[in-house]
Amino acid sequence: MVVTMHALHTQHDTAAVVTRAGGDYVLTVKANQKSLYAHLKALPWVSVPATTRTDRGHGRRATRTVKVVEVPAWVEFSGAAQVAQLRRTVTRKGRRTVEIVYLITSADARTAPPEVLATWVQSHWEIENRLHWVRDVTFDEDRSQVRTGNAPRVMAGLRNTAITLLRLEGHRNIAAALQHHARDIDRPINLFLAA
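Quantities reported herein were computed from a predicted structural model and do not represent experimental measurements.

Engineer: Help me understand helix H4 (residues 151-168) in this model?
Structural biologist: Because the α-helix completes a turn every 3.6 residues, residues three or four places apart line up on one side. Taking 1.5 Å of rise per residue, the 18 residues of H4 would be expected to cover 26 Å, and the 25 Å separating its terminal C-alpha atoms lies within 8% of that figure. For H4, the complete set of buried residues consists of Ala156, Arg159, Ile163, Leu165, Leu166 and Arg167. Phi turns positive, to about 105°, at Gly170, one or two residues after H4.

Engineer: Quick question: what am I supposed to make of the environment of Arg88 here?
Structural biologist: Mapping Arg88 onto the fold places it in strand E5 (residues 82-92). Given the relative accessible area of 17%, Arg88 is considered buried. Along the chain, Arg88 and Glu99 lie eleven residues apart, while their C-alpha atoms are 5.2 Å from each other.

Engineer: Sorry if this is basic, but what is going on with a positive patch on the surface here?
Structural biologist: Taken together, the side chains of Arg56, Arg61, Arg87 and Arg96 present a region of like positive charge at the surface. Inspection of the secondary structure assignment puts Arg56 in strand E3 (residues 51-57). With relative accessibility at 67%, the residue Arg56 sits in the exposed group.

Engineer: In this structure, what is going on with the side chain of Ser106? I would like to understand it.
Structural biologist: Turning to its location among the elements, Ser106 is positioned in the loop between strand E6 (95-105) and helix H3 (114-138). Within polar-contact distance, the side chain of Ser106 engages the side chain of Asp24 at 2.8 Å. Only 2.9 Å separates the side chain of Ser106 from the backbone nitrogen of Tyr25, close enough to count as a polar contact. For Ser106, the contacting residues outside a window of four places in its chain are Thr19, Gly23, Asp24, Tyr25, Gly79, Ala80 and Ala81.

Engineer: What is the right way to read the packing of H4 against helix H5 (residues 174-182) from this model?
Structural biologist: Where H4 contacts H5, the axes come no closer than 10 Å and their chain directions differ by 90°. Classified by the angle their axes make, H4 and H5 are roughly perpendicular. Where H4 approaches H5, its residues Ile163, Leu166 and Arg167 are matched on the opposing element by Ile174, Ala177, Leu178 and His181. Split by residue class, the contact of H4 with H5 holds five nonpolar, one polar and one charged.

Engineer: Sorry if this is basic, but what is going on with the pairing of E5 here?
Structural biologist: For a regular strand, the rule is simple: side chains alternate between the two faces of the sheet. Counting buried positions over the eleven residues of E5 gives nine, a clear majority of the element. Here strand E4 (residues 60-70) runs beside E5; their pairing, made up of eleven bridges, is antiparallel. Paired with Lys67 across the two strands is Gln85, which belongs to E5. Here E5 runs beside E6; their pairing, made up of eleven bridges, is antiparallel. Within the sheet, the bridge partner assigned to Val90 lies in E6 and is Thr97. In this structure, the hairpin formed by E5 and E6 is closed by a connection of two residues, where Lys93 is found at a positive phi of approximately 55°.

Engineer: I tried to follow the nonpolar core on my own but got confused; where do I start?
Structural biologist: The tendency in soluble globular proteins is for nonpolar side chains to be buried as a group. Residues Tyr25, Leu40, Val75, Phe77, Val83 and Ile104 are the most contacted members of the largest nonpolar core, which totals 18 residues. The set of elements that each furnish at least two residues to this core consists of helix H1 (12-20), strand E2 (24-29), helix H2 (34-41) and E6. Counting residues per element, this core draws most heavily on E2, at three residues. The next biggest cluster of nonpolar side chains, apart from the first, holds 13 residues, and it includes Val26, Ala84, Leu86 and Ala107.

Thresholds applied
Residues numbered from 1 in each chain as written. Predicted model: local features only at pLDDT ≥ 70, side-chain atom pairs only at ≥ 80, totals over all residues. Heavy atoms only, no water. Helix = DSSP H or I, 4+ residues; strand = E, 2+ residues; numbered from the N terminus. Expected span 1.5 Å × (residues − 1). Buried < 20%, exposed > 50% of the residue type's maximum accessible area, 1.4 Å probe, protein only. Patch = residues over 30% accessible without salt bridge, like charges linked within 9 Å, V, L, I, M, F, W, Y side chains within 5 Å. Areas by Shrake-Rupley, 256 points an atom, 1.4 Å probe, with all protein chains shown as cover. Salt bridge = Lys/Arg side-chain N within 4 Å of Asp/Glu carboxyl O. Lys, Arg positive; Asp, Glu negative; His and termini not counted. Charge placed at Lys NZ, Arg CZ, Asp CG, Glu CD. Polar contact = N/O pair within 3.5 Å; in protein donor to acceptor, adjacent residues only side chain to side chain. Contact = heavy atoms within 4.5 Å. Axes fitted to C-alpha atoms, helices over the stretch in contact; angles between N-to-C directions. Parallel < 35°, antiparallel > 145°, perpendicular 65-115°, else oblique. Nonpolar A, V, L, I, M, F, W, Y, C, P; charged D, E, K, R; others polar. Pairing = 2+ DSSP bridges. Core = buried A, V, L, I, M, F, W, Y, C linked by side-chain atoms within 4.5 Å.

Keep in mind that these numbers describe shape and distance, not what the molecule does.
As structure tokens, this is what we get:
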């Protein structure tokens, strides 16, 4: 099993739990781990061979460049085998954005060559974009005042259910789908009619 996690979960205890259970982890390192981030950023990435892949779709071009090296001795995460630099350059409507993240993984070079590591991270970002981003932005979940008892989990479950039903109905843009259904409160979602 491979567990991919964003920067919030890049903790020594998390790495230990995953490796003790027999899995591999891919942890994203960002500024919340200032010292580790600075050390990874300072590695001589210029001299490391790169693997690059470009995808086109949804009105954008995304180029992912991955550079992977064996884990330096000073990285103290349980089972760490490799570190990587992942550069994602996205061009949409002539505007270019570049994001660079650093990764630590317990998967060795045989299990996770650069192409595989890039695929794992891309899959993680797809989940982030398709669910968590929608919950954070479209449903404004971070500002929710529901904070006691089981209510936060119930509300998250209801949001997930709404997103899932709309996606099953074929909607790619959840915000637009919500607006579409809000215009006519008597307009049912087709999934309910099929049942």
